[in-house]
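Structural characterization, general
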Amino acid sequence: MLHLLAADDVTVSIDSGNTAWMLASAALVLLMTPGLAFFYSGMVRAKNSLNMLMMNFICLAVVGVLWTFYGFSWAFGESRWSGLIGSTKNFYGLGNPTFLGSVWNGGAEAAATIGTNLPAGTTYGAGVPIIVFAMFQLMFAMITPALISGAIADRVKFWGWTLFVALWVTLVYFPVANWVFGTGWILNKIRAEDFAGGTAVHINAGAAALALVFVLGKRVGWRRDPMKPHNVPFVLLGASLLWFGWYGFNAGSEGGADGVAGLAFTTTTIATCAATLGWLLVEQLRDGKPTTVGAASGAVAGLVAITPACAFVSPLGGMAVGLIAGMLCCLAVGLKFKFGFDDALDVVGVHLVGGITGTLLIGFFGFDHGALAGGVEAKRGLFYGGGGKLLLVQAVAAGSVLAYSFTVTFIIGTILKTLGIFRVSEEEELMGLDESEHAESAYSFSTVLSGGLTHTPGSSADDSVSSELSGKGV
Amino acid sequence: MKLVTAIIKPFKLEEVKVALENLGIQGLTVSEVSGFGRQRGHTEVYRGAEYTVDLVPKVKVEVLVGGADVTKVVDAVVEAARTGKIGDGKVWVTEVDAVVRVRTGERNEDAV
């Protein structure tokens, strides 16, 4: 975890190793959003596949702009209102000279200065320029609203969604990131353990997804019409890109290149392997076949669950976290049929359930790494003689983020829906959102129907094909 | 003139094509189609949700033949397409009123 201090308190010099890793990590995490876009797009029907990609890609654009103006400041500025939000003044525009010259320091002085929970003597995350950290954290802010989109696939107006993303990151993500990663109360007052965002990212997005599914209602024909994934190879490709990018997400959350980053990298790998096996095992026993979509989903469930826990559990603990999450999430995706809510791509079943699982399992598998962490003592969970206090704190963190996100998202969603700018008409939904929202189609394989063989009158049959362009831009 | 239409299993197309070529057939038309007969479909499961796929992919082969060759063509197709398992498909023959070769304007038997 990285810890911020006010810019003028910083005097340490830049550590090029840590800085290089954080720049690389930021780029890795950026790749997760397009990866998620493919993971989701492959699971929807062909007529909505571009819209699904766009719902994710627009998050990059919108959040990047808002982050520059006030997002980073709200999330990581000096604490205001008893740890509920960061100060807007600190980092507005990411451009003031003090800011650009500032270096992040996770060391003892920093901890003392801003009252974080980092014990004395640690050097982790030291010497990374604040602007690098700002970009790393921006990528988290981009992917979190994108995660929500899968739940409400196939039924939302594009600009309505874009407006929702802007409002949601402003009112939900930036404050919650402040609580969990920044100067706020979850990290600094109750001191829950969430290494890379099980609460701020996954429980947050999963709870928002659940709220929006209730606000928007089911898709036309849900449970009557077949809604099969249209491109399963995209699903696995997307999951693989997510796995790759997740190393930046989890190991990068150490804030530097060191042993704890290596541990996070290790548990991330092992948990994902175990979760894939767990999901496939449940499928084999329940449905009789192991599926490709199941393997992709299991991997993502494992990545979600290990996110909060990756530096707080042992490699074997990580394996247990992954296995439990893979099996549990495989069972949880059936809940929507039982309770009748149309969470199209199982954001609740994978991200909310997986996020809660990982966050709470720290309370059991929390492990003290001693020397690896430079002598910094980590809290022990129930299985390592730490008692139930950590589990309780974890539950408070998970429950608070869940409740806050669900409530605020429900209000934002209801307002947008009442204004008539959120859900598409039934006619548009049946036509498909690629056509109705974007006037495009994803696949034009038919040479006849896509106009590839349009012929100019008067030319002989052997002439090369010519096509006539007409349009505003030509 | 007759039109022989065969609905066959997709992986049998190559054998049917070779059998027809051996009979000296000059051309045929192939389309990918879907449908069901007594075989019906199958079930797919995505994240625990079952989808019944009623329509099975098949290949449709259409051959125009002169009246004299019909039986030979039908027999060749049936023999080549048969696996003996359910879902092998069907072959039927229909009467054709007129045929024109587009390039030359030849008509009927000359155009087959």
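Counting starts from 1 at the beginning of each chain's written sequence and moves along it residue by residue. By the order in which they are written, chains take letters starting at A while ligands take numbers starting at 1. Given that the model is predicted, a residue must reach a pLDDT of at least 70 before its local features are reported, and side-chain atom pairs must reach 80 or more before they are shown or counted; all residues, however, enter totals for whole chains, interfaces and linings.

A closer look at the overall build of chain A
What counts, and what does not: For the purposes of this entry, the term helix denotes a DSSP run of H or I that reaches at least four residues, the term strand denotes a run of E that reaches at least two, and both are numbered from the N terminus. Here the C-beta atoms are placed from the backbone, and a residue counts as buried if at least 20 other C-beta atoms lie within 10 Å of its own, exposed if 12 or fewer do, and partly exposed otherwise. Placing C-beta atoms from the backbone, we regard two residues as in contact once those atoms come within 7 Å.
A count of helices and strands for chain A gives 17 helices and 4 strands. Counting all 474 residues of chain A, 56% fall into the buried class. Pairs at least 24 apart in sequence give 77% of the contacts found in chain A among residues at least 6 apart.

What to know about the overall build of chain B
Note the cut-off: Taken over C-alpha atoms, the radius of gyration is set against a globule rule of 2.2 Å times the number of residues to the power 0.38.
In terms of helices and strands, chain B carries 2 helices and 6 strands. Listing every helix and strand of chain B by position from the N terminus yields β-α-β-β-β-β-α-β. Its C-alpha radius of gyration of 17 Å places chain B more than 25% over the 13 Å reference for a compact globule of 112 residues. If you line up chain B on its principal axes, its C-alpha atoms span 60 × 30 × 20 Å. Per-residue burial over chain B gives 18% buried out of 112 residues. Across chain B, every contact between residues at least 6 apart in sequence was considered, and the portion connecting residues at least 24 apart equals 69%.

Considerations on the pairing of strand S1 (residues 2-8) of chain B
Remember that side chains alternate between the two faces of the sheet whenever the strand is regular. All names here are of chain B. The condition that has to hold: When DSSP finds two or more bridges between a pair of strands, those strands are recorded as paired.
Judged from the 7 bridges that link them, S1 and strand S5 (residues 56-65) form a sheet pairing that is antiparallel. Across the sheet, residue alanine 6 finds its bridge partner in S5, namely valine 61. As paired strands, S1 and strand S6 (residues 89-95) are joined by 7 bridges and run antiparallel to one another. Note on S6: the bridge partner recorded for threonine 5 is tryptophan 92.

Some remarks on the nonpolar core
Residues and elements named next belong to chain A. This is how it is decided: Connectivity within a nonpolar core runs through C-beta atoms within 7 Å, and the core itself is a set of buried Ala, Val, Leu, Ile, Met, Phe, Trp, Tyr and Cys residues.
Core analysis: the biggest nonpolar cluster contains 151 residues, and Ala151, Ala209, Leu242, Ala309, Val321 and Cys329 have the highest contact counts within it. With 15 residues, the top contributor of residues to this core is helix H5 (residues 130-149). Ignoring sequence-local partners within four residues, the contact set of alanine 309 consists of Phe195, Gly318, Val321, Gly358, Leu361, Ile362 and Phe365.

What about helix H9 (residues 232-250) of chain A?
Where we set the bar: Expected helix span is taken as 1.5 Å per residue step, with the number of steps being one fewer than the number of residues.
In a regular helix each residue adds 1.5 Å, so 19 residues correspond to 27 Å; H9(A) covers 26 Å between its end C-alpha atoms and thus fits that length. Each element contacted by the buried residues of H9(A) is listed here: helix H1 (16-43), helix H10 (259-287) and helix H11 (292-309) of chain A.

Quick word on the interface of chain A and chain B
Applicable threshold: Under the convention adopted here, Pro, Cys and the residues Ala, Val, Leu, Ile, Met, Phe, Trp and Tyr are nonpolar, Asp, Glu, Lys and Arg are charged, and Gly plus all remaining residues are polar.
Contacts between the two partners involve 12 residues from chain A and, on the opposite side, 6 residues from chain B. Of the residues forming the side of chain A that touches chain B, the biggest block, 3 residues, is contributed by H11(A). By residue class, the composition of the side of chain A that touches chain B is 4 nonpolar, 4 polar and 4 charged.

Section: the sheet that holds strand S2 (residues 29-35) of chain B
All names here are of chain B. Note the threshold: Working convention: axes come from line fits to C-alpha atoms, limited for helices to the stretch in contact. Angles between N-to-C directions cover 0 to 180 degrees.
Pairing is antiparallel in the open sheet, where 4 strands are placed in the order S2-S5-S1-S6. Both outer strands of the open sheet, S2 and S6, are each paired with one neighbouring strand and no more. Here the average twist between neighbouring strands, direction ignored, is 20°. Seen against the sheet, helix H2 (residues 70-81) touches S1, S5 and S6 and runs at an angle of roughly 5° to S1.

Regarding unusual backbone geometry
In this structure, A:Asp154 takes a positive phi of about 75° despite not being glycine. Among the structural elements, A:Asp154 can be located in the loop between H5 and helix H6 (158-180).

Side note on the confidence of the model for chain B
This is how the line gets drawn: The quantity known as pLDDT measures the predictor's confidence residue by residue, on a range of 0 to 100.
For chain B, per-residue confidence averages 92 on the pLDDT scale, and 100% of positions sit at 70 or higher. We note a pTM of 0.85 for the whole complex and an ipTM of 0.71 for its interfaces.

Points about the pairing of strand S4 (residues 49-53) of chain B
Residues and elements named next belong to chain B. Pairing between strand S3 (residues 42-46) and S4: 5 bridges, direction antiparallel. Paired with threonine 43 across the bridge in S4 is threonine 52. Joining the antiparallel neighbours S3 and S4 is a turn of 2 residues, in which arginine 47 adopts a positive phi near 45°.

Here we look at the environment of B:Leu20
Residue and element names in this part refer to chain B. For leucine 20, the position within the fold is in helix H1 (residues 13-22). Separated by 43 residues in the primary sequence, leucine 20 and valine 63 have C-alpha atoms spaced 9.1 Å apart. With near-sequence residues (within four places) excluded, leucine 20 lies in contact with Ile25, Leu28, Val63, Val73 and Ala76.

Regarding the packing of H6(A) against helix H8 (residues 198-216) of chain A
Residue and element names in this part refer to chain A. Selection criterion: For any helix crossing, the convention is left-handed if the near helix is rotated counterclockwise from the far helix by under a right angle, and right-handed if that rotation is clockwise.
Taken N-terminus to C-terminus, the directions of H6 and H8 make an angle of 145°; their axes are 10 Å apart at the nearest point. Between H6 and H8 the crossing geometry is right-handed. From H6, Trp168, Val172, Tyr173, Val176, Ala177 and Val180 reach across to H8, where they touch Thr199, Ala200, Asn204 and Ala208. Residues of the contact of H6 with H8, tallied by class, amount to 8 nonpolar, 2 polar and no charged.

A few points about the environment of A:Thr357
Residue and element names in this part refer to chain A. Structurally, the position occupied by threonine 357 is in helix H14 (residues 347-365). When the 26 C-beta atoms within 10 Å are taken as the criterion, threonine 357 is described as buried. Considering only alpha carbons, one finds threonine 357 and alanine 442, 85 residues apart in sequence, at a separation of 36 Å. Here threonine 357 is in contact with Ala305, Ile324, Ala325 and Leu328, once residues within four sequence places are set aside.

Topic: H10(A)
Helix length check: H10(A), at 29 residues, gives a terminal C-alpha distance of 41 Å against a target of 42 Å (1.5 Å per residue), a fit within 8%. In the stretch just after H10(A), A:Gly288 is the one whose phi turns positive, near 90°.

Examining the confidence of the model for chain A
Residue and element names in this part refer to chain A. Mean pLDDT over chain A: 86, with 83% of residues reaching 70 or higher. Element-level pLDDT for chain A is lowest in helix H4 (residues 108-114), with a mean of 33, against a maximum mean of 98 in H9. Counted against residues more than four places away or in other chains, residues 1-11, with its pLDDT under 50, gives 35 contacts. Between residues 461-468, whose pLDDT stays under 50, and residues either more than four places distant or in other chains, the model counts 6 contacts.

What to know about the environment of A:Phe164
Residue and element names in this part refer to chain A. With respect to the helices, strands and loops of the structure, phenylalanine 164 is situated in helix H6. A sequence separation of 89 residues divides phenylalanine 164 from serine 253, and the C-alpha atoms of the two residues are 27 Å apart. Dropping the residues within four chain positions of it, phenylalanine 164 is found in contact with Ile412 and Leu416.

Some points on the packing of H1(B) against H2(B)
Residue and element names in this part refer to chain B. Just so we agree on the cut-off: An angle below 35 degrees is treated as roughly parallel, one above 145 as roughly antiparallel, one from 65 to 115 as roughly perpendicular, and anything else as oblique.
Where H1 meets H2, the axes come as close as 8 Å, and the angle between the chain directions of the two elements is 150°. In terms of orientation, H1 and H2 fall into the roughly antiparallel class. The two elements H1 and H2 cross, and the hand of that crossing is right-handed. Contacts from Glu15, Val16, Ala19 and Leu20 of H1 reach H2 at Val73, Ala76, Val77, Glu79, Ala80 and Ala81. For the contact of H1 with H2, the class distribution of residues is 8 nonpolar, no polar and 2 charged.

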